Structure formats: C-alpha cells, structure tokens
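# Structure assessment
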Amino acid sequence: MTRIEFHFNTSERLLHTCRLLRKARAQDLRIAVVGAPATLRQLDAELWRFQDVAFLGHCTPESSPAVQEASAIGLGPDPLVWGASDVLVNLGDEVPGGFEGFERLIEIVSNDEHGKSQARQRWKHYKSLGFDLVQHDLSKSTEP
C-alpha cells in the first residue's frame, strides 16, 4: 500500500521540494512530480539554481526522449509517464491520478489558506480510501 505523507506549514514550498528531491536522489529513487504547469515551471527553474555544486538532473515533457529516459526526476502533469514508481510528489490541488502505483506519495502543503484547504480535502479523500497518513510539520524543522 502506498505510504502517504503530508509535509505542511512550509513558507518555501519549492525550496523544501528541492531538498526532498535531493534526499530521494541520494537514495537512488526515481521521482515523479505533479502540479500546476506554472508551479512546475517554477520548480524547474529552482532545480537549476538550487545547489552550486550538485545538479539535480530532471526532465519535463518538453525534454528530448533521451533526456526523459536518463532522468530520475520527472516534472509533468501525468506521473505515470516517467516510469517512476518510487516516489510521487504532489504540488497540485487535486489527488494525483495513479498515485496508488507509487511506493510513496508526498503532499507538499504551503502555509496559505488555499493550500491548507485543498490539502484537507485530499487528506479526507485518502482517509476514506483507508490509507494511513503521516504528518510532518515543517514549522518545527531545523533543516537549513
């Protein structure tokens, strides 16, 4: 069964996502990231400048097939396109289609009212399906 985690209370959602992706890549995991097109474009830009010494290789639907095949991180609207099954990161407002095919789903929730409200709806949905949910309050995090 998919492990579902909610990372909430972050004021720097994209930065937290970059850190999370770095950790997942250090564990040699393949990751799909879904969300609104504008959010994914912002994440794409953030991944290019996230670390000066280590590049987080990733691809988008516009990347060449060779780049898509070589990338362990895929950003796009359809998480199943990338062939990843380890981790799905949701930056969107909706329950991502096909999330059950991943070992782990991580919901990154901003600290604004819209983000919280949408996350509550997703939380209820997952609970109604019988998933055990894990919470991570990022306001208590000491990570730089």
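Quick notes on the rules
Residues numbered from 1 in each chain as written. Predicted model: local features only at pLDDT ≥ 70, side-chain atom pairs only at ≥ 80, totals over all residues. Heavy atoms only, no water. Helix = DSSP H or I, 4+ residues; strand = E, 2+ residues; numbered from the N terminus. Polar contact = N/O pair within 3.5 Å; in protein donor to acceptor, adjacent residues only side chain to side chain. Contact = heavy atoms within 4.5 Å. Expected span 1.5 Å × (residues − 1). Buried < 20%, exposed > 50% of the residue type's maximum accessible area, 1.4 Å probe, protein only. Arc of directions from axis to C-beta. Phe/Tyr/Trp six-rings, centres within 6.5 Å; stacked < 30°, edge-to-face > 60°. Pairing = 2+ DSSP bridges. Salt bridge = Lys/Arg side-chain N within 4 Å of Asp/Glu carboxyl O.

Turning next to the side chain of H7. Note on placement: H7 falls in strand β1 (residues 3–10). Only 3.0 Å separates the side chain of H7 from the side chain of E5, close enough to count as a polar contact. Apart from the residues within four sequence positions on either side, H7 is in contact with H16, L20, I106, E107, I108, V109, H136 and L138.

Take helix α2 (residues 37–49) next. Here α2 spans 19 Å end to end across 13 residues, near enough to the 18 Å set by a 1.5 Å rise per residue. Among all positions of α2, only T39, L40, L43, E46 and L47 are buried. Angular distribution of buried residues about the axis of α2 spans 120°; they occupy a single face of the element. Within α2, the exposed residues directed more than 90 degrees away from the buried face are P37, R41, W48 and R49.

This brings us to the packing of aromatic side chains. Counting across every chain of the model gives four aromatic pairs. Ring centres of F6 and Y126 lie 6.0 Å apart, and the angle between their planes is 65°; on these two criteria the pair is classed as edge-to-face. You can see F6 sitting in strand β1 and its partner Y126 sitting in helix α4 (residues 113–128), a full 120 residues away along the chain. Judged by its relative accessible area of 3%, F6 is buried. The buried category is assigned to Y126, whose relative accessible area is 0%. Ring pairing ties together the aromatic residues F6, F99, W123, Y126 and F131, which thus form one cluster.

Pairing analysis gives six bridges linking β1 to strand β5 (residues 104–110), with the strands arranged parallel. Counterpart to H7 in the pairing with β5 is I108. The sheet contact formed by β1 and strand β6 (residues 133–137) spans five bridges and is parallel. When the bridges of β6 are listed, F8 appears paired with D137.

It is worth spelling out the pattern of salt bridges at this point. On inspection of all chains with the given rule, the structure shows five salt bridges. Between E5 and R104 there is a salt bridge, and its shortest N-O distance comes to 2.8 Å. Of this pair, E5 sits in strand β1 while R104 sits in strand β5; the two residues are 99 residues apart in sequence, bridging distant segments of the chain. Among the residues examined, E5 registers a relative accessible area of 3% and is labelled buried.

Our focus in this paragraph is unusual backbone geometry. For N9, which is not glycine, the phi dihedral falls at a positive 70°. For N9, the position within the fold is in strand β1. Residues other than glycine seldom take positive phi values, yet D28 does so here, at roughly 60°. Relative to the helices and strands, D28 resides in the loop between α1 (13–26) and β2 (31–34).

Over its 16 residues, α4 runs 23 Å from end to end, which matches the ideal 22 Å to within 8%, given 1.5 Å per residue. N-capping of α4 is provided by D112, with a side-chain oxygen placed 3.1 Å from the backbone N of H114. G130 lies just past α4 and shows a positive phi near 90°.

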